[in-house]
Amino acid sequence: MGRSGGRKPIYLRPTQPIEKRVDDLLRRMTLEEKIGQMCQYSGFSEAHEALVKQGRVGSLLNVTGAKNTERAQKIAVEQSRLGIPLIFGLDVIHGYSTIFPIPLGLASTWNPETVRKASSIAAAEAASEGIHWTFAPMVDIARDPRWGRIAEGAGEDPYLGSAMAQAAVEGFQGRDLADPDTIVACPKHYVAYGAAEGGRDYNTVDVSERVLREVYLPPFKVAIVKAGAGTTMSAFNELNGVPASANRHSLTEILREEWGFKGFVVSDWNAVGELINHGIAGTSAEAAKEAVNAGVDMDMCGNVYQTSLAQLVRDGAVLEEKIDESVRRILTLKLRLRLFERPYVDPERASKALQTKEKLEAALQAARESMVLLKNEGSLLPVKKDIESVAVIGPLADDRNAPLGSWSCRGNPEDVVTVLEGIKSRASPRTKVLYAKGCESEGNSKEEFENAAETAGEAGLAIVVVGEKADMSGEAACRASLNLPGVQEELVETVHETGVPVVEVLMNGRPLSISWSAEHVPAILEAWFSGIRGGFAIADVIFGDCNPGGKLPITFPRAVGQVPIYYSHKNTGRPPSPERWTSKYLDAPWTPLFPFGHGLSYTQFEYSDLHITLKRRGKAGKVEVSLTVENIGGCQGDEVVQLYLRDLVASIGRPVKELKGFKRITLKPGERRTVSFALAWQDLSFLNREMQWVVEPGTFRVMIGSSSEDIRLSDSFEV
Ligand code: GLC
C-alpha cells in the first residue's frame, strides 16, 4: 500500500489535514491512476479486478453483500501501487434491506422527520455491508404521471420537494461522513429530468431559464447548499439543446460558480458515452472532452474516460489541471468517509444491522403515515375488527413483489407482509377472511371474475387491491395511459355489482386516472408501494388502528389527456369556467380527479383565527402567519396544514397559488393547536424580467388549506 518503510506517506496519516493528504497523493499519482479515480464500473468481473490492481478504478456500484465488497476492497487497498480504497455505490432509494414506501409514498407523509429517519436507517444498513454512497435522493420535480420515474421522487412541487430532499440528504449523511453509519448522498438527476417531453424517459427537455430556476433547480440547491450533499448525478436528458452531462451552464456556472459545490459529479449510466447518440460528440474522445470540460468528474459505466482522457490530456484538449480538479474532489470525499482508515466492513456490525425490531417498526410507521385516504363515502372506513367476514380480492392483494417498488435494493419479497397477510393478522380471530385473485395485474383474462364475485358475495366487505406491478413505474417504465392496467377496473366494477361494500386499495407508482372508481366506489385508499410492512399498515388503516393522515404530493388527473395538470398553474387570460370561450376541454372537466395536497381523515379539523403580520421588509423581511386548528371529530388524527401564497399582480405572471409552508400535526379529539409559519423574503420572491430574484410591492394572498383545493382560511397582506 505505497508504504516504503519508515513513516507513512502524508496521505496515509489521518492526523494530517485532508487537503494536505490529497495534495500528497495527487503528487504521487500517474495520469492513468488519476483518470482511474474518475472511472466507475458495475459489478466486479475479472476485467474490473485487473483494472483495480492497476489503480485504474475509483468506484464500483452494484457490488452487494459484505463478502463481495470486502473482496474487491482488499484488492484495491492491498494489491494496487498506492492502495487507494474504492468507493462503493448503490441505489439505496427507499431502504437497503428494511424497505420503506417508495419516495412518492414517503413524500405523501408530508413529514420530513419520517423521511430523514428512513434515510438514516437505510444508510446504517447499507454501510454495515460496505456501501459508502447512495444514488439518492431523486429530487426531480415531475408533473407528468406518464413518466415512470415519478415514483422515485417527491412529486410536483418544488417547496415540498426541497423539504424532502433536505431531509433525505441529512438522513443519509448524518452530521459527519466519518460516522460509520452514514453514506454519502447523491441528489439526482441533475437537472430537469422530470420535464422529459411526452413523459417519455430519457426524452428531450426544453424549459425556460426561469422555469429551470423556479421549479427544477430548487430541490438540488437545498440538497447541495443547505444539506451538504457530497455528490450529484448528471442526467441523461438533453437540457435546452445541450445534454445535461455536457452542460457547462448547469454543471459549472450554476453548480460550481453560483452554488460553490465542492463535491463531485458522477454521470448517469453511460450518459457520457451517450453524448454520441445526442449528436454533440462524434467519437468517444469528443464525448469525454465535452463531459469532463463541462464538469462531470466520474464516468459511470461508460469506460469513456478510461479509454480517452489520457490521450486528450497529452493532446492538450483537456488540461491535466482539469483532471486534478476532479480527482481532488473524489479523493476528498474518500478521505471524508475515512475509507483509508476504515476500508473494510466490520463483520460484527454487519451481522446485526439489518431489519432490527426498531427498523421494522420505523418502516411500519412510515407506511402508515404514507397512506392517503382519497374517498370515504358514508364513513365506510374504518371497519370493525370483528366484522363477520371480509373478502380480500385483486391481483395485488397477496403480491409480495409490488410493495418493494421498482428500486428494491436488497429488499427480499419473502420479508414483505402482503395486504392479505395484514388483514388476516389484524382482523379478529372470529372474522372469516376470504381471498380471490380475480385477475392478473395485466392481460385481458376475466376467467376468475366469477369466482371473485362469488367470494365477495359471501363477505360483508370487499377489499379490492389493484394497481400496477413494481416494474410498471421506475426507470424506462413510462405509460401512455394512466388507467388501471389490464382488466382491473372491470374487476372492481364486477365486485361492486355484487352490492357488497367495496374498499379499493391502490398499489401504484404514479397517479392513476381511476375515474370510474372515484365515482362509484365508496372508499379508496392510496397505498403506493408501501414497503415490507405495507400489509400491516393498510390493515391498520382499514380497521382504524391508524387514522390516515397522508396527503397527495402529486395531482391525480381524470384522464391522461389533461397532462400536464398541476396545482401551481398560471391563471391565463381566460381561466377555465363554464363559459365557452375559456381554457378547458370539450370532453372532460378541467379540474383534477384528486388535487395536490388532498387526503381525508377519520376525524374532522376546524381552522380559525388566521393572523398575518408583516414583521420586516427587504432581504431580511419576514411575514408571520398563525392560525388555530381544532380536532372536532371523535378520534385522534393527523392533519397537514398547508400554506399557499399568491402574488396577485407582478411583472411576471405568478401561479394561482404556491405552497410556501406545511406542518403535519397530531390532535386528540377536542384538542386545539396554534400553527405558525414564518415566511422569509425569499418565499415571496420570483425572477423578474431581468432574471433577478425580487419581491415587488403589491398584495399577496395567503390561503390556508387542508389541500390545494380545500382552502379553509384566507387573507391578504401588502408589501
Ligand atoms: C440508472 C438510473 C440512475 C441510477 C443509475 C445506477 O440508469 O438512471 O438513477 O442511480 O443508473 O443504477
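Residues numbered from 1 in each chain as written. Predicted model: local features only at pLDDT ≥ 70, side-chain atom pairs only at ≥ 80, totals over all residues. Heavy atoms only, no water.

(A) Broad picture of the pairing of strand β18 (residues 637–647). Counting buried positions over the eleven residues of β18 gives ten, a clear majority of the element. Alignment of β18 against strand β19 (residues 658–667), held across nine bridges, turns out to be antiparallel. When the bridges of β19 are listed, Gln642 appears paired with Phe662. Two elements, β18 and strand β23 (residues 699–705), share six bridges in a ladder whose sense is antiparallel. If you follow Tyr644 over to β23, its bridge partner there is Met703. (Buried < 20%, exposed > 50% of the residue type's maximum accessible area, 1.4 Å probe, protein only. Helix = DSSP H or I, 4+ residues; strand = E, 2+ residues; numbered from the N terminus. Pairing = 2+ DSSP bridges.)

(B) Seen up close, the state of the cysteines. A full pass over the atoms with the stated rule returns zero disulfides. Considering cysteine sulfurs only, Cys301 is the nearest to Cys186, which forms no disulfide, with 13 Å between them. With no disulfide partner, Cys635 has as its closest neighbouring cysteine sulfur the one in Cys546, 10 Å distant. Owing to a relative accessible area of 25%, Cys635 belongs among the partly exposed residues under this scheme. (Disulfide = S-S within 2.5 Å.)

(C) Up close: empty space enclosed by the protein. Here the structure, examined in full by the defined rule, presents three cavities of 30 Å³ or more. Its volume calculated, the largest cavity comes out at about 250 Å³. Looking at the largest cavity, it is lined by 25 residues, and the ones nearest its centre are Pro103, Val115, Pro137, Met164 and Ala168. For the lining of the largest cavity, the secondary-structure elements that each account for two or more residues are α5 (103–107), α6 (112–128) and α7 (158–173). Tallying contributions element by element places α7 first for the lining of the largest cavity, with five residues. Classifying every residue of the lining of the largest cavity gives 18 nonpolar, five polar and two charged. Computed from the structure, the second largest cavity encloses a volume of approximately 90 Å³. What lines the second largest cavity is simply Glu33, Gln37, Val52, Gly55, Arg56, Val57, Ala76, Ser80, Arg81, Leu82, Gly83 and Ile84. Partitioning the lining of the second largest cavity into residue classes produces five nonpolar, four polar and three charged. (1 Å grid on protein atoms, 1.4 Å probe; cavity = no way out; pocket = protein on both sides within 12 Å on 5 of 7 lines; lining within 4 Å. Points joined across faces, edges and corners; volume = space filled by probe spheres on them. Nonpolar A, V, L, I, M, F, W, Y, C, P; charged D, E, K, R; others polar.)

(D) Spotlight on the site of the ligand. Inspection of the region around the ligand gives 13 residues, with Asp91, Arg149, Lys188, His189 and Asp268 positioned closest. Contact between the ligand and Glu475: an oxygen atom at 3.0 Å from a side-chain N or O atom of the residue. (Near = heavy atom within 4 Å. Polar contact = N/O pair within 3.5 Å; in protein donor to acceptor, adjacent residues only side chain to side chain.)

(E) Highlighting unusual backbone geometry. Between Tyr190 and Val191 the backbone carries a cis peptide bond, its omega angle lying at 5°. The topology assignment puts Val191 in the loop between α7 and α8 (209–216). For the bond from Leu381 to Pro382, the omega torsion is -5°, close enough to zero to count as cis. With respect to the secondary-structure elements, Pro382 resides in the loop between β10 (372–376) and β11 (389–393). One non-glycine residue, Ala476, lies in the positive phi region at around 55°. Locating Ala476 in the fold gives a position in the loop between β13 (462–467) and α19 (488–497). The class for Ala476 is exposed, based on a relative accessible area of 54%.

(F) Structural context of the sheet that holds β11. With respect to topology, six strands assemble into an open sheet ordered β10-β15-β14-β13-β11-β12, the strand pairing being mixed. Only two strands of the sheet have a single partner each, and these edge strands are β10 and β12 (432–436). Each strand of the sheet is rotated relative to its neighbour by a mean of 20°, with strand direction disregarded. Where β13 lies against strand β14 (residues 502–507), six bridges are found, and the strand directions are parallel. The partner of Val465 across the bridge, within β14, is Val505. (Axes fitted to C-alpha atoms, helices over the stretch in contact; angles between N-to-C directions.)

(G) Structural view of the pattern of salt bridges. By the definition in use, this model includes 47 salt bridges. Glu630 is the partner of Arg672 in a salt bridge, and the nearest nitrogen-oxygen pair spans 3.2 Å. Residue Arg672 is found in strand β20 (residues 672–680), and its partner Glu630 is found in strand β17 (residues 622–631); the two are separated by 42 residues along the sequence. Accessibility expressed as a relative area gives 48% for Arg672, which makes it partly exposed. Residue Glu630 is classed as buried on the basis of its relative accessible area, which comes to 19%. Of the charged contacts, one joins Arg673 and Glu671 as a salt bridge, the two residues approaching to 3.2 Å between their closest N and O atoms. One salt-bridge network, in which partners are shared between bridges, spans Arg256, Asp297, Lys322, Glu325 and Arg329. (Salt bridge = Lys/Arg side-chain N within 4 Å of Asp/Glu carboxyl O.)

Limitation: the analysis is restricted to geometry and does not speak to function.
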